[in-house]
Structure formats: structure tokens, C-alpha cells
Amino acid sequence: MWNVEPNLLTTQSYNYIRAHGAQGVNFWRLANQKREKDRHISQRPALVIQDGSNIVFKADTDEPSEFPDQWFTQPIDHFADSSDTFKQRYWINTRHYTPGSGGPVIVLDGGETSGEDRIPFLDTGIVEILARATGGVGIVLEHRYYGKSIPVSDFSTDNLRWLNNDQAAADSARFMANVTFTGIDEDLTAPNTPWIYYGGSYAGARAAHMKVLYPDLVYGAIASSGVTHATLSNWEYHEIIRNAADPTCARQLEHTTLAIDALLGVPYAKRFIKSLFGLEDLAHDDDFVSVLEAPLGYWQAKVWDPAVGSTKFDEFCAFLDKPILGNGSILSLPVGHEDRLVHLPGGIKLDFSILNYAQYIKECFGTYNDSNFLATGLDQEWRLWLFQVCTEWGYFSTSPPDPAHPRIVSKLLTLEYSSKDLQTGASESAYPAGKYFIVPPMPNITAVNALGDFAIAADRLAIIDGEVDPWRPCTPHSDYAADREDTILQPFKIIPNAVHHYDEYGLKNISDEPEEIRKIHWQMIVFRHRVVEGFQGARFAMIFSCI
């Protein structure tokens, strides 16, 4: 039985949307049901926070936090003559702050989740690492609409119209230029103090964009797994997994995909194969194969630190390889070999790994009941990132465009299916036409790519990506991108065997980290020193020229 654990929520919930589109909303609902159940049976309330890679930050709510909520007033619309405002939440780490030292302010963009999920990086991760090395101040800044930084009364189409790249970037710029910190007397605003903007994944793209859009405020930036290339079809996501996964697991997934696609084309076999997976009530074949895609999202949850990383993808692969009736001798045989086949009614013969796959998948919902998508309350958090996907970012999960290309997802996962929230008609989609805003037929990905795309670059902008990150095809390290040099002013780093924003995680003692992580952290510290030295040198030169 496939169980969604309660601690695989928040950012992981947005990963469901990123990887599985409309079906991801159902996974989000299933996860929320598990969370509510866990909340009711809990003996003592606790705040459970984790990143999409399963990092957990658990704090007893009866104890005061070292990082209490702070608030900054923002206009709802930066580009209109309106007095409407909302409170944007942030957290600050002043453990290492040295007054008058000229140390930088390191701000971590909260991205598409509650900012609470980023507190671990303020405590032991990249923000703490850089602040400790420099005597600086660390901040986590929550993204508008996420967490408690909500400017509206519900998430209807009209009320989501201020959730876009331009407004979010203007939030960050206004914060950097105007914020004052309780207990700190000196002016730490930009551009008077060097600010280093950090982000991972979507927030990584925002970090790069901030350096380009507001160079006078953002003196340095680090884009980790920054998806600076927006695209409609994101088939390469699964291609990275197919090539990087254990070869036996990859072959089993390829074989299963081809076999199921073939069986769905045979009328008498279709209902049988769906019932094998416990999904016989799913009338639509594309809904069915979309559910089977779900375990592939576990790959993104890998992290080098076993204390916070997920092993679920490896557990899934091990489950596929479990021999039927304990016959271990067949494991070494090629996938699809006659001795690996299990004979089923109707003359159907399947490799035993497909039966294991079927046992692994148990619960799901269909996506063609459009009423499931019409709730707009503030508890419908799934509407936020999906709205950004539908309006500006894309990333619809599809099969490879070449039917002959090896694949681990069904050929039925087409762009039409994955983007169907936009194509079912304005009155039936997740975002019916509003009075003031209409979601476009397809996202305006040009709004993202015009800021630099694969080639985005600037002095003091560091690009860091993971070699086996399924999002790497949408970063400047994509195979589609031109090669570039790794320089002191424009670092361009790839972490071997790393998945999603691996550098964001850290240990109290850097020397205890794995070699490749320790290496990238030291390189980031050096980069930070160069940024601050450059800032101080520029200010000295400006002062000297005025004498």
C-alpha cells in the first residue's frame, strides 16, 4: 500500500504539483488527510517543518523560538496607486552579527512554500554557514501568498492576480531597501550594506533574477538549482532519473511502462491491469498512468545528510526487485525473461516487478471531476504554485516527444493532459475566469526566459547545480545551455552526484560534511568574502575619489 507520510508535506506537497500537475493536487489532498489524522492523534502539539527533500525541523510549541516571526509591511500591488497592504513574514539570525564589521546580510528566499520550512537553513544550513563565516546577519524571507504572508481573503482567480514574478521581486527589493531590525541600531539596508541573495529551485531562479533586476540592491547572489529556463513540456525531468537511477530499477521501470501502455490498448486487459493496481475505478487511462508516476518524485527528495534525506526512491526500487515466493535466483535474469514472468488470467504474462509495482501503488483519485479543483479557501494551498505554473512557469510533466525514446512514464502523459486545468474551458478549470484576471491558455514562459534563460549571468552571481538533479535541464547547467567558464566573479559550479540544491543543507561542523559538500561550502564562503571585499573596496574608491 502506498502511504503518504504526514511529514512529507509543505514543500513536498508543492513537489507533487511540480512533478505531477493536476494529479499532484490529489496527492496533495491525500497528504493533507494524513496530516489531519496525525494532528488529531498527536499527544502534544508540535511544529513540524521540512523542505521538499524531507528535512524536518521540529520545535516544541510550548518553548520560545530563537527565531520568532517578524513582519514587514508591503503593498499588495507595487505597480498601482493603491493603499492596500499586507504583512510579509521573515525570520532573522543575529548569532554572529558584529556591529560595525561591514558583514553582509544573507537573505534566503522562501520560495513556493511556507517560510517556516526554511528555518532549518537559518539554524544549521547555508544561511548559518555564511553568517557564521562573516559576522553577518541571516534572514529567511517568506514569499507573498505562502505561509502567513497572505494578502487576500481567498485564492480565487481574481485574488491570485498579484502572485507573479514582478510583484514578488518588488517585495524583496522594497524589503532590502527599507527594513529595520529590532535590536540593531545601525543601518543595514541595501545598497549601504552588501546583501547576498540566496535561493534554491524556484527561489534559486528568483535569486538570479534579483541580481539582474535589482543590481544596485543585490550586491551578490547564489542561485542553487535555479530553474531559470521556463518550459511547457518538462519531459527531461524523468530522463535524468532514468539515466541516474540504479540500472536494474531503470530497466524495470522502462519495461513496466511499455507493458502497461500496451495492455491499456487491449480492451479486455485494460480493466484487469487497473484492478491489479487497485485503481479499477479510474475511468480515464491518462489518470491511471499519472498515478503510477508518483513514486518517481521521491528521487528529488534525496539529500546527502541521512538525518534529513529521504530513502524512499531506493526503497521503491528495492520493492520492485523483491522476488515472488522468495525465488531469488531469478533476480539476475534480464527484465522480461520467461522465468521472471507471472502467468495471470486471460493469458496475460507480466514480469514480477510489475506485480510488485502494483502492490506498491494503492490509493489515488481521478482528476476529471473538475469540481475537485474549484475550492478557493486559504486552506487550498495547492492553488498557489499551480497558478504560477499556469501563468508564467510551465513545467508540465510529459513523456519524451520521440515515441521511440526510452521512457519511464507513459506515452499518455501528453502536454494536453498535464496542462488540462487550462484547457477544459474557463468555467470548468481550476481557475475560472475572474472579473479582473483570466489565466492564459498557456503560461507566458517568455516572462521568465526574457530575464536570461539558460544564459543568465552577472558579476557576483554564483550558479550552483546538482549533477543528477531532475531539474538540471531547466538550469544554466542544462545540456541545452552553452558551456561557460567557472570564474571568481561568476562562479559556475556543478556538485557531482548531487540532486536538488544540495548546498542548502549543512552541519554545525562543516568538517563533518561529505567531501563534495564541504568543498562547495568552502567555495561559497570564499565567494562571500570576495563579495564583501569588493563592496568595501568599491566604497573606499568612491570615498577616495570625493576627497
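Predicted, not measured: the structure shown is a model, and the values here were computed from it.

Colleague: Help me understand the packing of aromatic side chains, please; the structure alone is not making it clear to me.
Modeller: Aromatic ring pairs are reported here in terms of the distance separating the ring centres and the angle at which the planes meet. A complete count under the given rule lists 23 aromatic pairs for this structure. On the basis of an interplanar angle of 80 degrees and a centroid distance of 5.2 Å, the ring pair of Phe-316 and Tyr-357 is categorised as edge-to-face. Separated by 41 residues along the polypeptide, Phe-316 in helix α10 (residues 312-320) and Tyr-357 in helix α11 (residues 352-360) bring together distant segments of the chain. In terms of burial, Phe-316 and Tyr-357 fall into one category: buried. A ring pair is formed by Tyr-395 and Trp-471, whose centres lie 5.1 Å apart and whose planes are at 85 degrees; its orientation type is edge-to-face. Within this pair, whereas Tyr-395 is found in strand β12 (residues 394-396), its partner Trp-471 is found in the loop between β13 (461-466) and β14 (492-495), the two being separated by 76 residues in sequence. Both residues of the pair, Tyr-395 and Trp-471, count as buried. Aromatic rings pair up to connect Phe-277, Phe-288, Trp-299, Phe-313, Phe-316, Phe-319, Tyr-357 and Tyr-360 into one cluster. The aromatic ring of Tyr-219 is capped on one face by Arg-460, whose charged end is 3.9 Å from the ring centroid.

Colleague: Can you help me understand the nonpolar core in this one?
Modeller: Formed by 107 residues in total, the largest nonpolar core has its most connected members in Tyr-145, Ile-222, Phe-277, Phe-288, Trp-393 and Tyr-431. Take this core: its biggest share by element is eight residues, from helix α12 (residues 382-393). Among the nonpolar cores identified, the runner-up in size contains 32 residues, and Tyr-90, Ile-92, Ile-139 and Ala-207 belong to it.

Colleague: Explain unusual backbone geometry to me, please; I cannot follow it from the model alone.
Modeller: Most peptide bonds take the trans configuration, and most residues that are not glycine carry a negative phi. Here Ala-190 and Pro-191 are connected by a cis peptide whose omega angle stands at 5 degrees. Here Pro-191 lies in the loop between α4 (165-178) and β7 (195-200). If you check the backbone angles, Tyr-145 has positive phi at about 80 degrees while not being a glycine. Its place among the elements puts Tyr-145 in the loop between β6 (137-141) and α4. Here Asp-453, not a glycine, exhibits a phi torsion of approximately 55 degrees, which is positive. Tracing the chain through its elements places Asp-453 in the loop between α15 (446-449) and β13.

Colleague: I would appreciate a short explanation of the packing of α4 against helix α5 (residues 202-213) in the present structure.
Modeller: Where α4 contacts α5, the axes come no closer than 11 Å and their chain directions differ by 65 degrees. In this view, α4 runs roughly perpendicular relative to α5, as classed from their interaxial angle. Here α4 runs over α5; the crossing is right-handed. Facing α4, whose interface residues are Asn-165, Ala-168, Ala-169, Ser-172, Ala-173 and Met-176, α5 presents Tyr-202, Arg-206, Met-210 and Leu-213. Along the lines of polarity and charge, the residues of the contact of α4 with α5 split into seven nonpolar, two polar and one charged.

Colleague: I keep staring at the confidence of the model for the protein chain and nothing clicks. Help me out?
Modeller: When pLDDT drops low, the exact placement of atoms in the prediction is not to be read closely. Overall, the predicted model of the protein chain reaches an average pLDDT of 86, with 82% of residues at or above 70. Of the regions scoring below 50 in pLDDT, residues 1-11 engages in 44 contacts with residues more than four places distant in sequence or in other chains.

Colleague: I keep staring at the state of the cysteines and nothing clicks. Help me out?
Modeller: Note on terminology: disulfide describes a covalent bond linking the sulfur atoms of two cysteines. Applying the stated criterion across every chain yields a total of one disulfide. Covalent S-S linkage joins Cys-249 and Cys-317, the inter-sulfur distance amounting to 2.1 Å. The sign of the S-S torsion, about -70 degrees, decides the handedness of the disulfide formed by Cys-249 and Cys-317: left-handed. With Cys-249 in helix α7 (residues 247-264) and Cys-317 in helix α10, this pair connects stretches of sequence that are 68 residues apart. The exposure class of Cys-317 is buried, given its relative accessible area of 11%.

The rules we used
Residues numbered from 1 in each chain as written. Predicted model: local features only at pLDDT ≥ 70, side-chain atom pairs only at ≥ 80, totals over all residues. Heavy atoms only, no water. Phe/Tyr/Trp six-rings, centres within 6.5 Å; stacked < 30°, edge-to-face > 60°. Helix = DSSP H or I, 4+ residues; strand = E, 2+ residues; numbered from the N terminus. Buried < 20%, exposed > 50% of the residue type's maximum accessible area, 1.4 Å probe, protein only. Lys NZ or Arg CZ within 6 Å of the ring centre and 35° of its normal. Core = buried A, V, L, I, M, F, W, Y, C linked by side-chain atoms within 4.5 Å. Axes fitted to C-alpha atoms, helices over the stretch in contact; angles between N-to-C directions. Parallel < 35°, antiparallel > 145°, perpendicular 65-115°, else oblique. Left-handed = near helix turned anticlockwise from the far one by under 90°. Contact = heavy atoms within 4.5 Å. Nonpolar A, V, L, I, M, F, W, Y, C, P; charged D, E, K, R; others polar. pLDDT = per-residue confidence, 0-100. Disulfide = S-S within 2.5 Å.

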